Amino acid sequence: MADKKRILLCLAHMSETGEEMKFIKEAFDTNWVVPLGPNVNGFEQDLESFINHCDDGRTLDKKVVALSAGTAAIHLALVALGVGAGDEVICQSFTFAASANPVVYQGATPVFVDSEPGTWNMDPNLLEEAIKDRIAKTGRKPKAIIPVYLYGMPAYIDEIMDVARRYEIPVLEDAAEGFGTRYRGQVVGTIGDYGVMSFNGNKMITTSGGGALICPNEEAAKRILFFATQAREPFPYYQHEHIGFNYRMSNICAGIGRGQMTIVDEHIAHHVRARDIYAQGLADVDGITLHVAPEDDMEPNYWLHTVTVDPEKFGIDYDQLRIILDEAGIESRPLWKPMHLQPVYKDAPAYVNGVSEKLFARGLCLPSGPMVTDEDFALIISTIKGAKK
Ligand SMILES: *Cc1c(COP(=O)(O)O)cnc(C)c1O
């Protein structure tokens with residue numbers, strides 16, 4: 001039993017041809033082990049060509065700055081948007097804490113907005129209600145809006161952008177889980193003012209740890225780079241007129257990223273194909289609902305596959321199912337606990353409609369990564385079927 005393979009949610013996976021090692025070796029051979037260097041620029045260019053290409057042939061002109069983490073990318077975008085002490089920033093409640101924590105790093109207050117049931121992401125109507133209510137209560141507009149592409153699912157981002165434009169509030173898309181997700185033929189993260197990518201170990205692609213910020217233009221990217229590298233003014237000595245950060249991606253991590261970009265399409269194809277396998281395998285299981293895109297023009301990367309369990313119909317609840325899967329060597333995990341339920345955010349204003357609370361009480365993430373084989377998927381499906389009471 002000890003060496004029995006465990007099926008994990010989403011494990012990092014390197015290219016079979018070792019492209020990552022080639023880029024890292026090049027960095028060592030040329031002594032480019034310091035931050036900055038050809039891999040960082042090369043990785044940024046790879047990312048730009050990936051995100052700027054739209055299905056209808058349009059080419060965008062967004063710039064990418066590679067950083068040490070997705071969390072750092074969110075933080076720097078807030079800095080660039082001028083978020084500071086006493087400000088409020090609207091953030092999707094149903095997300096990982098990293099979406100909201102940088103708001104607090106800036107001395108600002110997150111205001112949480114619940115999800116709508118189709119995409120599980122920010123509800124555009126509730127967003128507008130929240131903005132109106134914040135203006136009524138504080139006399140000021142929120143400084144930014146952070147929608148999230150949870151589990152790689154698109155949001156109703158056109159509707160969110162429409163509200164944001166009407167109130168002239170910038171949008172920072174948290175696409176950390178949505179690398180390569182498309183909405184109406186456009187890569188998410190390129191629709192708002194800034195977009196966040198993450199290359200943590202369990203994300204769609206990895207640099208062991210890292211992230212990037214999609215910026216609207218060259219000027220904005222230069223400003224982000226300035227803050228990411230300790231805000232050094234152009235003097236021969238070190239002159240500082242702003243508070244900076246040490247958030248740049250290293251040349252070694254970027255080398256892994258360049259290698260990963262050679263297989264990113266395969267990774268996404270694997271996750272999307274898993275949707276069909278789960279959909280087929282779970283179609284006739286009463287009480288299990290697979291979460292899929294609610295609209296045809298939404299193309300999730302399906303980073304993690306998620307199901308909701310109706311205990312009335314299925315006979316056991318999501319947590320009992322989680323334990324049964326665990327005993328069969330299969331990792332599954334409850335959905336993100338909404339931020340408005342987190343003890344650390346108990347005093348933050350929240351606009352809720354029950355959607356994320358209900359999902360949290362019913363949902364599970366299932367394995368989907370490139371290391372999950374067809375036999376693994378078959379075992380996961382048969383274990384779920386066998387668990388039904
Ligand atoms: C992973 C993640 C982040 C943070 O990215 P890191 O690279 O781990 O700092 C932010 N938001 C969401 C929704 C995430 O899942």
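Here, the structure is the one placed above.
What counts, and where the lines are drawn
Residues numbered from 1 in each chain as written. Predicted model: local features only at pLDDT ≥ 70, side-chain atom pairs only at ≥ 80, totals over all residues. Heavy atoms only, no water. Near = heavy atom within 4 Å. Polar contact = N/O pair within 3.5 Å; in protein donor to acceptor, adjacent residues only side chain to side chain. Areas by Shrake-Rupley, 256 points an atom, 1.4 Å probe, with all protein chains shown as cover. 1 Å grid on protein atoms, 1.4 Å probe; cavity = no way out; pocket = protein on both sides within 12 Å on 5 of 7 lines; lining within 4 Å. Points joined across faces, edges and corners; volume = space filled by probe spheres on them. Helix = DSSP H or I, 4+ residues; strand = E, 2+ residues; numbered from the N terminus. Nonpolar A, V, L, I, M, F, W, Y, C, P; charged D, E, K, R; others polar. Expected span 1.5 Å × (residues − 1). Buried < 20%, exposed > 50% of the residue type's maximum accessible area, 1.4 Å probe, protein only. Arc of directions from axis to C-beta. Pairing = 2+ DSSP bridges. Contact = heavy atoms within 4.5 Å. Axes fitted to C-alpha atoms, helices over the stretch in contact; angles between N-to-C directions. Patch = residues over 30% accessible without salt bridge, like charges linked within 9 Å, V, L, I, M, F, W, Y side chains within 5 Å. Salt bridge = Lys/Arg side-chain N within 4 Å of Asp/Glu carboxyl O.

Structural notes on the site of the ligand
Residues in contact with the ligand amount to 15 residues; listed here are only the nearest, Thr71, Asp174, Glu177, Ser198 and Lys203. The backbone of glycine 210 places a nitrogen or oxygen atom 3.4 Å from an oxygen atom of the ligand. Taking 380 Å² as the accessible area of the ligand by itself, protein coverage stands at 94%.

Examining the layout of surface pockets
By volume, the largest pocket is sized at about 270 Å³. Lining the largest pocket are 15 residues, with Thr289, Thr308, Lys358, Leu359 and Arg362 sitting closest to its centre. Listed by contribution, the elements that provide at least two residues to the lining of the largest pocket are strand S10 (288-290), strand S12 (305-309) and helix H12 (355-360). The dominant element in the lining of the largest pocket, judged by the number of residues it contributes, is H12, at 3 residues. When its residues are assigned to classes, the lining of the largest pocket shows 7 nonpolar, 3 polar and 5 charged.

Section: helix H9 (residues 264-282)
Here H9 contains 19 residues, and its C-alpha end-to-end distance of 27 Å stays within 8% of the 27 Å for a straight helix at 1.5 Å per residue. Buried residues of H9: Val264, His267, Ile268, His270, His271, Ala274, Tyr278, Gly281 and Leu282, and no others. Burial along H9 is one-sided: seen end-on, the buried residues are contained in an arc of 150°. What points out from H9, more than 90 degrees from its buried face, is the exposed set Asp265, Glu266 and Gln280.

Observations regarding the sheet that holds strand S15 (residues 363-366)
Ordered by their spatial adjacency, 4 strands build an open sheet running S10-S12-S15-S13, and the pairing between neighbours is antiparallel. Only two strands of the sheet have a single neighbouring strand rather than two, namely S10 and strand S13 (333-334). Two elements, S10 and S12, share 3 bridges in a ladder whose sense is antiparallel. Note that in S12 the partner of threonine 289 across the bridge is threonine 308. Here H9 sits on the sheet and contacts S10, S12 and S15; the angle it forms with S12, its principal contact strand, is near 25°. Across the face of the sheet, helix H11 (residues 318-327) comes into contact with S10, S12, S13 and S15 while running at roughly 25° to S15.

Notes on a nonpolar patch on the surface
A cluster of nonpolar side chains, contributed by Leu8, Leu11 and Met371, occupies part of the molecular surface with about 230 Å² of accessible area. Within the fold, leucine 11 resides in the segment before helix H1 (19-29). Assessed through its relative accessible area of 41%, leucine 11 is described here as partly exposed.

As for unusual backbone geometry
One non-glycine residue, glutamine 230, adopts positive backbone phi at about 75°. Along the chain, glutamine 230 falls in the loop between helix H7 (218-228) and helix H8 (251-261). Of note, the phi angle at alanine 231 is positive, near 50°, even though the residue is not glycine. Along the chain, alanine 231 falls in the loop between H7 and H8.

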